[in-house]
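# Close look at the chain arrangement
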Amino acid sequence: AQTVTQSQPEMSVQEAETVTLSCTYDTSENNYYLFWYKQPPSRQMILVIRQEAYKQQNATENRFSVNFQKAAKSFSLKISDSQLGDTAMYFCASRDGNTGKLIFGQGTTLQVKP
Amino acid sequence: DAGVTQSPTHLIKTRGQHVTLRCSPISGHKSVSWYQQVLGQGPQFIFQYYEKEERGRGNFPDRFSARQFPNYSSELNVNALLLGDSALYLCASSLTGALSNQPQHFGDGTRLSIL
């Protein structure tokens, strides 16, 4: 069974600084996808960034980038130039290539301080 | 274009009752998934439907059931409600089913409280 682990329950960062959120996963699948979702207090789950496991190049989306280490089964999220609007709970998720279901980690609450 | 819409936004029920939650996917999306998110935890997969057929089921009791209609909207039904069913229920839609890198887009959820 797939598992996703986020070992940092809470983190904080000063506005404009850089922060890295950690995520490890375990899967026996060869075909899978990895995602980071953001859930602000408004509770809607918003896609931040995604990575296909077969691609070696790390995905980037503006201020958000990932460090994908396939052999180590690690998928961390780096947020550069943090903004107050980045304050939210962040979930790492693995998508089973056979069933399509998302397996979520426990989440990391990120607070960006002014 | 409208995103994933869920109704109702909030619901209060008592133990033993039945509840129906509704979800309309993004226009053109044919796959709908349901997740349960207990406060302070990550969402847990309940069901996935694609082209009106169940394509996946999570580790939930038979009290939980769902269906997808010809217009690709979906209902999640929960019978004999328990206190532990109190949670945020999230619906997500995607263009296609499993064998795709298409991401799932989430609605705002239905907050279900059981008294």
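Structure: above.
We now turn to the structure provided with this report. This structure is a prediction, so every number in the text was calculated from the model and none was measured.

All right, on to the state of the cysteines then. In this structure the tally under the stated criterion is 2 disulfides over all chains. Disulfide pairing places Cys 23 of chain A opposite Cys 92 of chain A at an S-S distance of 2.0 Å. Classification of the bridge connecting Cys 23 of chain A and Cys 92 of chain A rests on its S-S torsion, roughly -65°, and on that basis the disulfide is left-handed. Residue Cys 23 of chain A is located in the loop between β3 (19-21) and β4 (24-26), and its partner Cys 92 of chain A is located in strand β10 (residues 88-96); the two are separated by 69 residues in the primary sequence. Of the two residues, Cys 23 of chain A and Cys 92 of chain A, both sit in the buried class. Disulfide partner of Cys 23 of chain B: Cys 91 of chain B, at an S-S distance of 1.8 Å.

The step from Ser 7 of chain B to Pro 8 of chain B runs through a cis peptide bond, and the omega angle for that step is -10°. Structurally, the position occupied by Pro 8 of chain B is in the loop between β1 (5-7) and β2 (10-13). Residue Ala 16 of chain A is not a glycine yet carries a positive backbone phi of 80°. The topology assignment puts Ala 16 of chain A in the loop between β2 (10-14) and β3. At Glu 51 of chain B, a position not held by glycine, the phi torsion is positive, near 50°. Within the element layout of this structure, Glu 51 of chain B appears in the loop between β5 (44-50) and β6 (53-57). Taking relative accessible area as the criterion, Glu 51 of chain B reaches 27% and is therefore assigned partly exposed.

This paragraph deals with the pairing of β5 of chain B. Side-chain positions along a regular strand alternate between the two faces of the sheet. Residue and element names in this part refer to chain B. A large share of β5 lies buried, amounting to 6 of its 7 residues. For strand β4 (residues 31-37) and β5, the ladder comprises 6 bridges, and the chain directions are antiparallel. Across the sheet, Tyr 35 pairs through a bridge with Phe 45, a residue of β5. The hairpin turn running from β4 into β5, its antiparallel successor, is 6 residues long, and Gly 40 in that turn takes a positive phi close to 85°. Note that β5 and β6 share 4 bridges and pair antiparallel. Residue pairing for β6: Gln 48 is matched across the bridge by Gly 56. Two successive antiparallel strands, β5 and β6, enclose a turn made up of 2 residues, where Glu 51 displays a positive phi of approximately 50°.

Let us look at the nonpolar core. Within soluble globular proteins, side chains that are nonpolar tend to cluster in buried spots. Ranked by internal contacts, the top residues of the largest apolar core, which has 25 residues, are Trp 36, Phe 75, Leu 77 and Tyr 90 of chain A. Within the second largest apolar cluster, 22 residues are counted, among which are Ile 46, Tyr 49, Phe 60 and Ile 114 of chain B.

All names here are of chain B. With antiparallel pairing, the 4 strands of this open sheet are ordered in space as β1-β3-β8-β7. In this open sheet, the two edge strands, each paired with only one partner strand, are β1 and β7 (64-68). Strand after strand, the sheet turns through a mean of 15° between neighbouring axes, direction not considered. Of the pairings in the sheet, the one linking β1 to strand β3 (residues 19-24) comprises 3 bridges and is antiparallel in character. Across the sheet, the residue bridging to Thr 5 is Ser 24, located in β3.

Throughout the structure, instances matching the rule amount to 8 salt bridges over all chains. Two residues, Asp 86 of chain A and Arg 63 of chain A, come together in a salt bridge whose shortest N-O distance is 2.8 Å. Residue Asp 86 of chain A is located in the loop between β9 (74-79) and β10, and its partner Arg 63 of chain A is located in the loop between β7 (60-61) and β8 (64-69); the two are separated by 23 residues in the primary sequence. Each of the two residues, Asp 86 of chain A as well as Arg 63 of chain A, counts as buried. We note a salt bridge from Glu 75 of chain B to Arg 67 of chain B, for which the minimum N-O separation is 3.3 Å. Glu 75 of chain B sits in the buried class, given a relative accessible area of 11%.

Let's shift gears to the interface of chain B and chain A. Contacts between chain B and chain A engage 28 residues on the former and 23 residues on the latter. A combined buried area of about 2000 Å² lies between chain B and chain A, and 49% of that area is made up of carbon and sulfur atoms. One can count 0 salt bridges joining chain B with chain A. Our enumeration of links across chain B and chain A arrives at 4 residue pairs in polar contact (both at pLDDT 80 or more). Listed by contribution, the elements that provide at least two residues to the side of chain B that touches chain A are β4, β5, β9 (87-94) and β11 (110-114) of chain B. When residues in the side of chain B that touches chain A are grouped by element, the largest group, 3 residues, is from β9 of chain B.

Reading the values: the criteria
Residues numbered from 1 in each chain as written. Chains lettered and ligands numbered in written order. Predicted model: local features only at pLDDT ≥ 70, side-chain atom pairs only at ≥ 80, totals over all residues. Heavy atoms only, no water. Disulfide = S-S within 2.5 Å. Helix = DSSP H or I, 4+ residues; strand = E, 2+ residues; numbered from the N terminus. Buried < 20%, exposed > 50% of the residue type's maximum accessible area, 1.4 Å probe, protein only. Pairing = 2+ DSSP bridges. Core = buried A, V, L, I, M, F, W, Y, C linked by side-chain atoms within 4.5 Å. Axes fitted to C-alpha atoms, helices over the stretch in contact; angles between N-to-C directions. Salt bridge = Lys/Arg side-chain N within 4 Å of Asp/Glu carboxyl O. Contact = heavy atoms within 4.5 Å. Buried area = accessible area lost by both parts, 1.4 Å probe. Polar contact = N/O pair within 3.5 Å; in protein donor to acceptor, adjacent residues only side chain to side chain.

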